[in-house]
Amino acid sequence: MDNHYQVVVYGASGYTGKLTAWKLAERGIPFVAAGRNAARLEAEMAALPELKGHDYKCVAVDNDKASLVELFRGRKVVINVVGPFMQLGQPVVEACLEVGCHYFDTTGETDWMFFLKREYGPRFAEKGLVLCPANSYMWTEGLLATEIALETPGIDSLNVVYLADSGVSVASTKSFLRMCTKPQFHIQNRALVQWEFAKAFQVLLPGEHEFLNALPWGGGGEPVWYEGDPRVRNCKTLVSFRNQEAFNGVLGLLQKFENECRHLSTEDQEQTTNQWGGDITTAEPGREDPEVNRCVLSCHARGKTNSVSVILRGSSPYIQTGVLGAEAARRILRGQFDAVGFASPAKVFGARNLLGALAEEGYLNWEVKSV
């Protein structure tokens, strides 16, 4: 086994995988580009101008534990970008645990996050390994805002809204459809409370004059991170898209699911959302343009007698995800991490450090106001 390559990007030929590869190359980190199709891996990596002259190798591997164990042995970091994660991710986690790799992924699926927290968190902690799902725009950007809010003494209640304006990848579409049909939670008085299915809420974000429809979008990762955190009494997350026509189309599908598919078996539900996702997004979008694909994250936070507002203004959510993955790899390789087991990116690396990494590349800035 060639241990020169300490980082594996699993699913490197996909939309988010290629962005992660780009950002690893910018940091001078050699990596294994892994996936199921060798020809596609070679072609997609060769087509990235940022990889010209960079040290990487492509390896085809089946999505089963034994094959992944063989590939991961001797590595340090696995960045998993193969979704839907609840359908495909468990062999990757099992292989990381067996051979001693730190695990990061780009999921938005909150049921997957809860599953990892309950089933694998203690086992990774025992081995001194990081288990960090959703090291991605969703659900790290909201986490960074909430952590900044929690720096204010007395703050214990967090209300988060994401507003994105980008195309959606094929894998993301399948992931978000399935997760929006699963139980979705917020935290109320330190307990998990389920959202109503297929119900939209109107939100008004800083700098906007128009109300937008929003959804719990799986409930958000923030309630997963903060479940059991003594600092947090209440936490809600909603998500909206600038393209309200497409967003309302998703809402219509979720309402159709409740009317026609809720009674189906779990397997049939998963097949249904996969099919709908494939019908919605038939090809990958182009790379994001920071001048066009702008995003806003608003966190209103309060305590008993005080409140604070944290606003993140940025662009290119998928590219931000690539930055977060590459930054995680760099910090792990340098031994710059502060937590093991199931842990949020902020807990592992520090919210201010991750904000700084995104800001340094021009993808994010933030504003904090007492209100």
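Residues numbered from 1 in each chain as written. Predicted model: local features only at pLDDT ≥ 70, side-chain atom pairs only at ≥ 80, totals over all residues. Heavy atoms only, no water.

**Student:** Tell me about the environment of phenylalanine 241, and please be specific about residues and values.
**Tutor:** Within the fold, phenylalanine 241 resides in strand β12 (residues 234–241). Expressed as a C-alpha distance, the spacing of phenylalanine 241 and valine 203, which sit 38 residues apart in the sequence, is 11 Å. Those residues within four positions of phenylalanine 241 in sequence are excluded, and the remaining contacts are Met138, Leu163, Ala164, Val168, Trp217 and Phe247. (Helix = DSSP H or I, 4+ residues; strand = E, 2+ residues; numbered from the N terminus. Contact = heavy atoms within 4.5 Å.)

**Student:** Kindly report on the nonpolar core, identifying the contributing residues and their values.
**Tutor:** Core analysis: the biggest nonpolar cluster contains 117 residues, and Phe72, Tyr103, Trp139, Leu158 and Trp217 have the highest contact counts within it. With residues up to four places along the chain from it excluded, the contact list for phenylalanine 72 reads Val8, Val78, Val92, Ala95, Cys96, Val99 and Cys101. (Core = buried A, V, L, I, M, F, W, Y, C linked by side-chain atoms within 4.5 Å. Buried < 20%, exposed > 50% of the residue type's maximum accessible area, 1.4 Å probe, protein only.)

**Student:** Report on the packing of aromatic side chains, specifying residues and quantitative values.
**Tutor:** Centre distance and the angle of the planes are the two values used to describe a pair of aromatic rings. Within the structure shown, the criterion is met by 15 aromatic pairs. Between the aromatic rings of tryptophan 139 and tyrosine 162, the centroid separation amounts to 5.3 Å while the plane-to-plane angle is 85°, which identifies the pairing as edge-to-face. Taken together, the residues span a long stretch of sequence, with tryptophan 139 in helix α8 (residues 137–150) and tyrosine 162 in strand β7 (residues 157–164) at a distance of 23 residues. We note that tryptophan 139, like tyrosine 162, is buried. The rings of Phe176, Trp217, Phe241 and Phe247 are connected pair by pair, giving a single aromatic cluster. (Phe/Tyr/Trp six-rings, centres within 6.5 Å; stacked < 30°, edge-to-face > 60°.)

**Student:** Please set out the side chain of arginine 331 residue by residue, giving values where relevant.
**Tutor:** Structurally, arginine 331 can be placed in helix α13 (residues 317–333). Ignoring anything within four residues of it in the chain, the contact list for arginine 331 reads Gln336, Phe337, Phe349 and Asn353.

**Student:** For the environment of asparagine 3, give the residues involved together with the corresponding values.
**Tutor:** Structurally, the position occupied by asparagine 3 is in the segment before β1 (7–10). A relative accessible area of 40% places asparagine 3 in the partly exposed class. For the pair formed by asparagine 3 and glycine 74, sequence separation is 71 residues and the distance between their alpha carbons is 5.7 Å. Beyond its immediate chain neighbours, meaning those up to four positions away, asparagine 3 contacts Arg73, Gly74 and Arg75.

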